[in-house]
Amino acid sequence: MLSDEKPSVCVLGLGYIGLPTAAVIARSGCAVLGVDVTAHVVDTVNSGKIHIEEVDLEGLVQGVVARGTLRASLHIEPADVFVIAVPTPFGDNHVPDTSYVMEAATNVAAALKVGDTIILESTSPVGTTEKMRDLISKLRPDLKIPGLTNDIPDVAIAYCPERVLPGRILEELTNNDRCIGGITPRCARKALGFYRRFVRGECVTTTARAAEMTKLVENSYRDVNIAFANELSIVADEMELDVWEVIRLANRHPRVNILKPGPGVGGHCIAVDPWFIIHGAPNQTPLIRIAREVNDSKIDHVLEQAARMIDELPGVSVACFGLAFKANIDDFRESPALKIAAKLAQLYGGRIKIVEPYASELPAAFDGTEAELIDIDAALENCPVMITLTDHDIFKSIPLDERTGKVVYDTRGIWPDQPDNVQAVTGLRLAG
């Protein structure tokens with residue numbers, strides 16, 4: 001049974017995962033301090049507002065801030081539980097960068113007291129939690145650290161990755177199963193007790209290294225399957241086949257479930273995490289590496305197709321629909337849509353118009369180009385060419401009669417009713 005006494009919690013990092021996590025924990029009644037390095041983020045959260053796009057998040061943040069269970073700060077404070085949710089990007093040659101994690105651990109070490117729990121949620125290479133433990137041990141020699149002492153440790157250290165879908169984060173933070181890996185079984189049990197306060201899904205304990213690998217495997221599995229669909233779409237282009245029709249028919253087989261192809265793979269998870277496995281075992285991961293290369297190269301394929309189409313229609317305006325890496329969010333991290341649209345803007349300047357309902361201005365990638373951010377109605381009225389790069393619901397709602405007479409390159413397959421009057425290649429179609 002859970003103790004009636006609710007722990008105080010400090011969440012480090014108030015981004016796409018950290019802020020929803022802090023809000024959900026605060027909703028359970030725990031006093032939560034969210035720490036971020038950006039003053040604008042701190043001020044926004046303390047005013048009961050949000051700086052990211054996520055379904056139902058603003059209402060939740062407004063409520064827990066008003067009740068006093070969530071507040072934000074630039075500085076860490078003592079707490080009973082520390083949750084680290086900072087970025088883990090990769091650097092040159094796809095080498096994992098855990099510097100943000102280690103910086104957060106350094107700050108936590110200064111605030112630690114006997115009885116505290118430290119949980120790393122950031123997606124990390126296998127062994128990162130142990131490195132974090134070793135750093136804390138070095139910084140706090142006065143504390144007995146789990147795995148490094150024969151006595152009862154003074155603190156608990158665990159790893160528990162999120163597994164959520166943007167646009168459904170609040171629901172999935174609560175209802176999805178969680179994999180909790182402890183430095184020791186005692187650490188895992190301590191973290192388990194914390195997560196049971198706000199997670200309805202099953203919480204399963206394991207080792208920290210197994211939990212780290214599990215997170216990477218989940219996203220690599222997705223990446224490999226998407227790579228098959230993306231490679232299939234390139235083959236279909238070469239053979240002048242409609243890939244959407246081929247996939248639809250193949251998926252009628254009871255044991256076949258081919259995913260939808262797209263312009264590439266984006267986001268901070270699927271496009272990044274497989275490199276962490278590759279870095280850890282470069283000679284044992286040819287399939288994972290090739291899948292990454294296929295998905296990255298799909299961007300070049302789409303650019304080649306789009307440029308060929310635009311070159312055949314000199315002078316006309318081209319509307320690129322979407323910059324986000326997936327539907328109905330404002331997250332542009334590693335987005336193939338953004339990379340494609342920005343490259344087209346560099347090549348064709350003011351002919352390129354961008355339609356992105358989740359942006360109020362064009363990202364920095366468009367600096368120096370003459371590309372323009374316009375709304376859907378202006379695009380439909382003024383752009384004879386349409387390239388769909390993100391499958392926002394609002395784009396799907398555009399009926400066939402508003403696409404009539406336009407050349408459409410549909411990389412997401414959002415308009416299955418589009419007649420195939422130009423040629424039978426993936427997405428490149430002219431409405432009748």
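Keep in mind the model is a prediction, meaning the values are calculated, not measured.

So, how was this worked out
- Residues numbered from 1 in each chain as written.
- Predicted model: local features only at pLDDT ≥ 70, side-chain atom pairs only at ≥ 80, totals over all residues.
- Heavy atoms only, no water.
- Helix = DSSP H or I, 4+ residues; strand = E, 2+ residues; numbered from the N terminus.
- Axes fitted to C-alpha atoms, helices over the stretch in contact; angles between N-to-C directions.
- Parallel < 35°, antiparallel > 145°, perpendicular 65-115°, else oblique.
- Left-handed = near helix turned anticlockwise from the far one by under 90°.
- Contact = heavy atoms within 4.5 Å.
- Buried < 20%, exposed > 50% of the residue type's maximum accessible area, 1.4 Å probe, protein only.
- Pairing = 2+ DSSP bridges.
- Right-handed = clockwise from strand over helix to strand, strands pointing away.

A. Summary view of unusual backbone geometry. Of note, the phi angle at E240 is positive, near 55 degrees, even though the residue is not glycine. Positionally, E240 belongs in the loop between α8 (208-239) and α9 (243-250). The backbone phi angle of N328 is positive, close to 65 degrees, even though this residue is not glycine. Mapped onto the secondary structure, N328 falls in the loop between β9 (318-321) and α12 (336-348).

B. Fine view of the packing of helix α1 (residues 18-27) against helix α3 (residues 57-67). It is at 9 Å that the axes of α1 and α3 come closest, and there the two elements cross at 50 degrees. With respect to their mutual orientation, α1 and α3 come out oblique. α3 is crossed by α1, and the crossing has left-handed handedness. Residues L19, P20, A23, V24, A26 and R27 of α1 touch α3, and the partners they reach there are L57, L60, V61, V64 and R67.

C. Here's a closer look at the pairing of strand β10 (residues 352-355). Because side chains alternate across β10, one face comprises the buried residues I352 and I354, and the other comprises K353 and V355, equally buried. Bridge count for β9 against β10 is 4 bridges, and the pairing is parallel. Residue pairing for β10: C320 is matched across the bridge by I354. A crossover links β9 with its parallel partner β10, the connecting element being α12, and its sense is right-handed. For β10 and strand β11 (residues 372-373), the ladder comprises 2 bridges, and the chain directions are parallel.

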